[in-house]
Amino acid sequence: MGGRESKPSSLSYEEAVKRVSESELSRLKDAYKRTATLNGAITKQAFIREVLGEGVPLQLAELIFVACGGTVKGITFKDLLCSLVLLTRGNREEKVKFIFGVYANEAGTHVVKSDMLRQLQQTEGGYAPEILHKCFGPNERATYDEFKDWLITFPDATTVTRWLLAEPCHASLCNDLETPTFYQTLAGVTHLEEKDILELEKRYWNLKGSSPTGKLDPETLVPLISPPLPPMLAKGVFNAFDENRDNHIDFKEMACGISAACRGPLTERQKFCFKIFDRDRDGKLSKEELTALVQALLLLHYEDQDNSDDVCVGVSSDDVEKLVGELLENHDPSNSGFVTQEEYLMWTLHNALASALLEIIFQVCHIVLGLKPSNRNEEKEIVLGWLRRAESKSLTIGQFWYIINDQWWNLWYEYVSHQVAGIETSVSPSSHCSSPANSQYGSLKRTKLQKKSANSEGTVASDGNSSSSTSSPSHSPRLTRRAATSPGPLIAPSRPPAIDNSPLVEPNANKVTLLTGEGGRLKRNIPLVQGRDFVLVPDSLWKALQQWYGGAPALPRQVIHGRSSGEVELELYPLTLRLFRHIQQQTRTPNNSWVGVVGGYGAAALNSAPYYVTSLPNSSTSSPKRYLAYLAAFSRLATLRQVYEYLASKLRLRIEDMRLWCVRDEPAGMILLEEEDTTLEEAYVADLAQILIEVRNKDLTWPEEMSQIASTRVMRIQSRQGCSEKGVTGLSNLGNTCFLNAALQCCSNTHPLTTYFMKNMHLYELNPNNPCGMKGHMARQYGCLMHEIWGGGAKTVAPLKLRWTIGKYSGNFTGFQQHDSQELLAFLLDGLHEDLNRVHNKPYIELKDSEGRPDTLVAQEAWENHILRNKSIIVDLFHGQLKSKVTCKVCANESVRFDPFTYLTLQLPMESFVYLEVIVIKLDGSVPVKYGLRLNSEGRYVDVKQQLYLLTGIPPHQIMLSELSNAQIKCIHMDEGRVRSVSGTVLFGYELPSPSSSHTSEVRAASRSARDRHVFTHIQRSTHHSSPCLTEGISSPTKSAGTNESVISGPSFGVFGSKSSLLSSQIQSQQDSSVSNPIQRKDSSSSLSSNTSGPASSTSSSIQHDNDLLNTQKGFIIAFHRKMMRQEVYFLSSQKTRPSLFGLPLVVPCHSSTTRQDLYQGVWLQVSRLVSPLPPSEAAGPNHAHDCDDSLGYEFPFVLRVVEREGLLCAWCPWYRFCRGCQLPCDDDTFSMNAAFLAIDWDPTALHLRYQSALERVFLDHTSVDEMRRKHVEPIALSDCLEAFCSEETLEYSCDGCKKLQQAAKKLQIWRLPPILIVHLKRFQFVGNKWVKSQKIVDFPLKDFDPTEYLASVPRQTIHLHKAELEGVEPAVYFANLQDRDNIFLEMVPENKIIEHIKGNEEESSLRNGRPSMNGSINGSICNSTASPCPGTPHEGSIKSGDCGNRKRRIRNGSVLYGDTLQDFHQHRLEEGYDPLDLKYSLYAIACHTGIMEGGHYVCYAKNPQGKWICFNDSSCKEVSESQIDLNSAYMLFYQREGLSVDKYLPSVEGKVPYPSELDEESEAEYKKQCVIM
């Protein structure tokens, strides 16, 4: 492809310079500087992109780059200039030489035929001209002369020759076509200069950036302009700016409004004021509006007369009524009760009341909205007037005032006060520029009384002991003083430089970053005096001065509560904090085991209630090094929560990953600042205090804690009085050990278990010789940890020895990796059980099958076998019993087993649905509507179309699903493609025209009828048919944010046709059925297909791929919105303006009979809602940019051009014409349909002034969006999980009856509940060769949890029979009302047989006649005690039916449940007064998991004995309310039976001796031997 090195140009640099003008040369140099790299050359990629442009084929562009002198390093400016001049202004001979260089060999001596043929095939799309042989003839080479003769004979041989040899050349060095910029357009129709508009735009974006909604809406603007404007005027001023009534001000509206209010003639300014009071915008003022007008004008008039705060009280209703009456009497000639705008203007000519409003709006536009004063005198009037108004108001809590260096202020005042000698001037600032306060104790106190009003929350009344501050400088000419004159000529003072406040602040000697915006610490060595060293200006005035002059640093100071009651003050000296960070150390190599961690405490003891204190060692080797990182200033009344939130936001840290320590001298050491509601003053944080920002390590450890642990060799607790509430003790994270800490805190708050260990009962029951145990080490270390936690001597402890013990006996929990907290809990409870097992010699037990025996007998046998080998406090508290029944589906053989369990693992359902949002764009130009869909995870895009058909009425074959990117259609989804939901991706559904020609005919008929009146002026002043829907949607109070766009909710069917409305009532049921029932979906699809016509069916898959858009016979054409962006610097004329796509692409109907006029009408139909109409009342107005549209002499505000798919180049012209698209005339000729894409080139004036870009991404939310979102994220109930746990499932089973593998049904049920019920919500599942976490939210009760309904039939019916007794209801009636098939009585059993079976006599007889139930037992031993009902409730619940006699009822499985007493299958040890058959559980602890499996975090929430919920987040412990508990991320739930007696679970140790401590010596020695400092 040509030479590798550059080729010499046929034009010298000196000659090239002569052929360009100085301006052209300067422009080219600027363009080169902008494009060149650091080495001073333009790369090949930049040359192709910036010089040649997008249209030149890549292979040819590379050849041209080399021919122009480009090398591997790039192209120099000299070579580039020579080439550009040659290409655009070279003569024919020079251009022929250049073309020869393109195809010549590296030496440039000849052209090789094979090389040129290859190059032409690459650059001409595989085509080689036939006339090429005439250049070479029989030879393989051609010299320059031969090539020149051939080229002159055939100038159209190649695209390069057609480009360069054409006359005139299609590309030139300059382009005289001037496209007006937005600023030029706006300046042309307003009274503003272009530089004013540029400055206004900066302020506009600042105002939008400060808005929570990102818009200049009333919530943003009103607080900025009121005060000084009265609140009654603020909203009116906003409405006067908001011309298109969309409840926010765009930049065009702001600029036009400022022009009318400030720079226009007096009449136009008064018209702007008229709009403030014309609330209904009918062009006239009603009596109510006149009353508001008079009240506001009188208020402003009295405010000018008196600066007190009580001026608003002086507006008399009599005065208002009198003035309103005079207005109507003199300016309502028709007695209509209204005053027109013309009459209002006449009234303002003879009444001075309106002047005050003009003045204050004039100031608002300059100070708040950023208009720069036109001269110095005007600037003085604005600034001093604003300052006077601000000083006349009372200080408000949270208000900011800015400090300005007095030296600069005097320079400014001299500058704006300069006038010719003898002219009266205003007073000097030195006598009247005092601030609103007097300096005292580092603050400025406001002593003026401040009113408390309903709309001024947070305002504090100050005391009235001292007078207010002196008045501010006035710009009124009545305050006069002769300017000093000198005998010589008066030299006008120069404009002051940028504001310099640096003399007021202390220098930053350490050169550290300031995190806060206070600007620096004010000097204190020499007291700063107001009026001598500085002046104070309000927030808005400082921003205006800074915009006009620049300057730094900004010194804001805030108004806060004073130290005395009812007093406010300006805090001149906030607390400056020195913020330290840890020096980043090398990442330590993780140890694979935890046998080497030393003992110690992360924080040893408390100093006072809010803080815990540790004295860290001074050893530099153990303590992490720190450095001064930042300075920050906070108010002394700032709370720690505010400090945390600010620093976390500024440093991009999570609050939970950051801690603040106040570093003090010994012996106080370091104090952790953790009480969020405490202020810095209350926390005794002084000025220049050292605050350490401790950031959690990646392994979730805290550097300071690890330093303390590594340096403290001896386990010790430093306790002080009143230090910590017992049990509220954190656990240090030892390296991703949050899984351990969360489980330990849940166990620690299991009060029966903790009481057992706190009373050292474990020392009496240690079983160190248990081969299944851990030599008693686990129980001892756990007991020691409980004593540390509940001893009340430490705020944080490090569970090092327990962690080491766990790692020693289980390799699964070694290292520094994250682990499953539930697995750790299971191992911990099992280890404690084996270490505390009361059975020292476990007997051999042979398991028996049920063999048809009663469930009660089999369950009791299994439980007694269990406790024969396992008997401990863990079994007493945590062990329950499950019933597992497997039934063969072939022979119906049943196998029943009863197994113990420690926790219930409930599988959470994985999300099997995909939530999708589709924005449907219709052909009628209505506002696009967003629909929410919920499909099966295996759903296809054809299912999306089916559901959209149910919601919109658009047939599936007329919907094109696509994804947009950069204002283009980038992807079209095929019907059979699987739906994928990608975050951040929005799916668009375009309505396609019907295959029939009816739509085109209708559009054409409507177009022809209206064509005569479709001039642009009329179009602009008409309202699109969908505007009411859009307006209603915009004004809707419910707004939600979409994926990438702002979504504005509105009426569900405000923009739909009747067909859609008819379908609305059936949408939800059909949508749900189409998702959940694939068979029904197929039927629905087939019915839809059968209902469509033949042509529709034949084209139902016409748009199935991106390439289908290139088909010109598809029945529609794609149109892109496009604007031309002018480039200030460019190389070739083709690059002076570059097209830029914006907005949403359109689908325009286009058939064989479509005319070009139809295309224009089709585009206008869809875009007219984006163009703001002209208000009829302002059609003749001289401003607000309305008159500009009357001069437009075309029908539409755009032209259509045929373009290629990217929308940048012409579809008809070859590339060397550099055409951006051939324009389609708006006539009745038929469109040739030889193009698939159109560009909508907007007229710059219309685009700048009328196109509302904010409406591009405005979509109405259909009701399905909220409904499907709610369904997609709605939580599942714990009861649903338990029902799924107890439901039947099918599995492969080796059947004893069939003697082979068979399909069997397995069902699990709870037979016996433990006193402490642990529910494990299994969020992690192995799906698709990876672990996936379910984020499903589970709703679970915090109290009164009754699991009766999930018990097996026998114990469940026992509870129901008991309830029937208590309610006095016949059991048969009670069970019938339960509607449970398991609760059906089958037969009667003689009472004597029951007793015989209970006593264990005549077993064979009992098996023949009935199935027994068990009496009460403790740990499985049968005893004679029976469960009694609650005291005071009769239990004579015998059946009173006469036919029963002495026979008792039994249920399906034959277990006796009803007699003199009822059986308690759970045998919980309760306090006196609690009903043993009333199963109620209360939640006392939750282990929560957030994040992913490998990098998540565990937190525990637990209720302490005082009933307070505590959040245990590793070493952090803080009290929370129930509403603050993170229930959504629950992982393990800990329930305790209500009324549980703790004392009854403590073993009797009478006569027993605790095991000696020598047991720990071996473990301790091994622990110390293997200990290493991490």
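Just so it is clear, the structure is predicted and the values come from calculations on it, not from any experiment.

A few words now on the overall build of the chain. Scanning the chain for helices and strands turns up 50 helices and 56 strands. Sorting the 1574 residues of the chain into buried and exposed places 54% on the buried side. Counting only carbon and sulfur atoms, one obtains 50% of the accessible surface of the chain, whose full area is about 69100 Å².

Once that is clear, we can look at the pairing of strand 15 (residues 568–571). Neither face of strand 15 is open: one carries V568 and L570, the other E569 and E571, and all of them are buried. As defined by bridge partners, strand 14 (residues 556–561) adjoins strand 15 across three bridges and the pair is classed as antiparallel. Bridge pairing links H561 to V568 in strand 15.

A few words on the sheet that holds strand 28 (residues 913–921). Ordered in space as 31-30-32-28-29-40, the six strands form an open sheet in which the pairing is mixed. The outermost strands of the open sheet, each flanked by one partner alone, are strand 31 (968–972) and strand 40 (1260–1261). Sheet topology places strand 30 (residues 959–965) next to strand 31; four bridges connect them, and they run antiparallel. For S962, the partnering residue across the bridge sits in strand 31 and is I972. Strand contacts of helix 34 (residues 941–952): strand 28, strand 29 (929–936), strand 30 and strand 32 (987–991), with the helix running at about 130° to strand 29, the strand carrying the most contacts. Relative to strand 29, helix 44 (residues 1263–1273) is tilted by about 35°, and along the sheet it contacts strand 28, strand 29 and strand 40.

Formed by 86 residues in total, the largest nonpolar core has its most connected members in Y344, W409, W412 and L545. Looking at which element gives the most residues to this core, the answer is helix 20 (residues 353–367), with 11 residues. Beyond its immediate stretch of four places on either side in the chain, L545 contacts V383, I404, W408, W409, W412, I499 and G550.

Our next topic: the confidence of the model for the chain. When pLDDT is averaged along the chain, the result is 74; 73% of the residues meet or exceed 70. The spread of mean pLDDT over the elements of the chain runs between strand 17 (residues 605–608), the lowest at 28, and helix 33 (residues 873–878), the highest at 94. Between residues 1176–1194, whose pLDDT stays under 50, and residues either more than four places distant or in other chains, the model counts 46 contacts. A low-confidence stretch, residues 1383–1459 (pLDDT under 50), is modelled with 140 contacts involving residues beyond four sequence positions or located in other chains.

Here we take up the sheet that holds strand 26 (residues 894–901). One open sheet holds the four strands; their spatial order is 26-25-43-42, and the pairing between them is antiparallel. The open sheet terminates on both sides in strands that have one partner only, identified here as strand 26 and strand 42 (1288–1295). This sheet shows a mean twist of 35° between the axes of neighbouring strands, independent of strand direction. Taken together, the eight bridges between strand 25 (residues 880–888) and strand 43 (residues 1300–1312) define a ladder with antiparallel strand orientation. Within strand 43, the residue paired with Q881 across the bridge is R1312.

With that settled, the discussion passes to the packing of helix 46 (residues 1353–1367) against helix 47 (residues 1371–1378). In contact at an axis separation of 9 Å, helix 46 and helix 47 are set at 120° when each is read in the N-to-C sense. It follows from the interaxial angle that helix 46 and helix 47 lie oblique. Crossing handedness for the pair helix 46 and helix 47: right-handed. Here helix 46 contributes Q1357, H1360, L1361, K1363, A1364 and E1367 to the contact with helix 47, which in turn contributes P1371, Y1374, F1375 and L1378.

Take unusual backbone geometry next. In the segment running from S226 into P227, the intervening peptide bond is cis, with an omega of -5°. The residue P227 is located in the loop between helix 13 (218–225) and helix 14 (231–241) in this model. A cis amide bond links A552 with the next residue in sequence, P553, at an omega value of -10°. At N966, a residue that is not glycine, the phi angle is positive and equals roughly 55°. Along the chain, the position of N966 falls in the loop between strand 30 and strand 31.

A full pass over the atoms with the stated rule returns 44 salt bridges. Note that D196 and R263 form a salt bridge whose closest N and O atoms lie 3.2 Å from each other. With D196 in helix 12 (residues 194–209) and R263 in helix 15 (residues 251–263), the pair connects residues that are 67 residues apart, well separated along the chain. Residue classification places D196 among the buried residues on the basis of a relative accessible area of 10%. Residue class for R263 comes out partly exposed when judged on its relative accessible area of 22%. With its nearest N and O atoms 3.7 Å apart, the salt bridge here joins K1363 to D1346. With K1363 in helix 46 and D1346 in the loop between strand 47 (1338–1339) and helix 46, the pair connects residues that are 17 residues apart, well separated along the chain. Salt bridges sharing partners connect three or more residues here, namely R654, E656, D657, R696 and D1514.

Before going further, it helps to spend a moment on the side chain of R1138. Along the polypeptide, R1138 turns up in strand 36 (residues 1137–1149). A relative accessible area of 16% places R1138 in the buried class. A polar side-chain atom of R1138 sits 2.9 Å from a polar atom in the side chain of E50. Here R1138 is in contact with R49, E50, K1123, M1124, M1125, Q1127 and R1220, once residues within four sequence places are set aside.

If you check which residues of helix 13 are buried, you get P218, T220, L221 and I225. Taken around the axis of helix 13, the buried residues stretch over an arc of 160°, which confines them to a single face. Relative to its buried face, helix 13 has exposed residues pointing more than 90 degrees away, namely E219 and P223.

Where two aromatic rings form a pair, the distance of their centres and the angle of their planes describe that pair. Per the counting criterion, the structure on display carries 34 aromatic pairs. With a centroid separation of 5.7 Å and 50° between ring planes, the pair formed by F147 and W150 is classed as tilted. With F147 and W150 both in helix 9 (residues 144–153) and three residues apart, this pair spans about one turn of that helix. Like F147, the residue W150 is buried in the burial classification. Chaining the aromatic ring pairs together yields one cluster made of F1142, Y1160, W1164, F1196, F1198, W1242 and Y1251. Stacked on the ring of W863, the Lys or Arg R1312 has its end atom at 4.3 Å from the ring centre.

So, how was this worked out
- Residues numbered from 1 in each chain as written.
- Predicted model: local features only at pLDDT ≥ 70, side-chain atom pairs only at ≥ 80, totals over all residues.
- Heavy atoms only, no water.
- Helix = DSSP H or I, 4+ residues; strand = E, 2+ residues; numbered from the N terminus.
- Buried < 20%, exposed > 50% of the residue type's maximum accessible area, 1.4 Å probe, protein only.
- Areas by Shrake-Rupley, 256 points an atom, 1.4 Å probe, with all protein chains shown as cover.
- Pairing = 2+ DSSP bridges.
- Contact = heavy atoms within 4.5 Å.
- Axes fitted to C-alpha atoms, helices over the stretch in contact; angles between N-to-C directions.
- Core = buried A, V, L, I, M, F, W, Y, C linked by side-chain atoms within 4.5 Å.
- pLDDT = per-residue confidence, 0-100.
- Parallel < 35°, antiparallel > 145°, perpendicular 65-115°, else oblique.
- Left-handed = near helix turned anticlockwise from the far one by under 90°.
- Salt bridge = Lys/Arg side-chain N within 4 Å of Asp/Glu carboxyl O.
- Polar contact = N/O pair within 3.5 Å; in protein donor to acceptor, adjacent residues only side chain to side chain.
- Arc of directions from axis to C-beta.
- Phe/Tyr/Trp six-rings, centres within 6.5 Å; stacked < 30°, edge-to-face > 60°.
- Lys NZ or Arg CZ within 6 Å of the ring centre and 35° of its normal.

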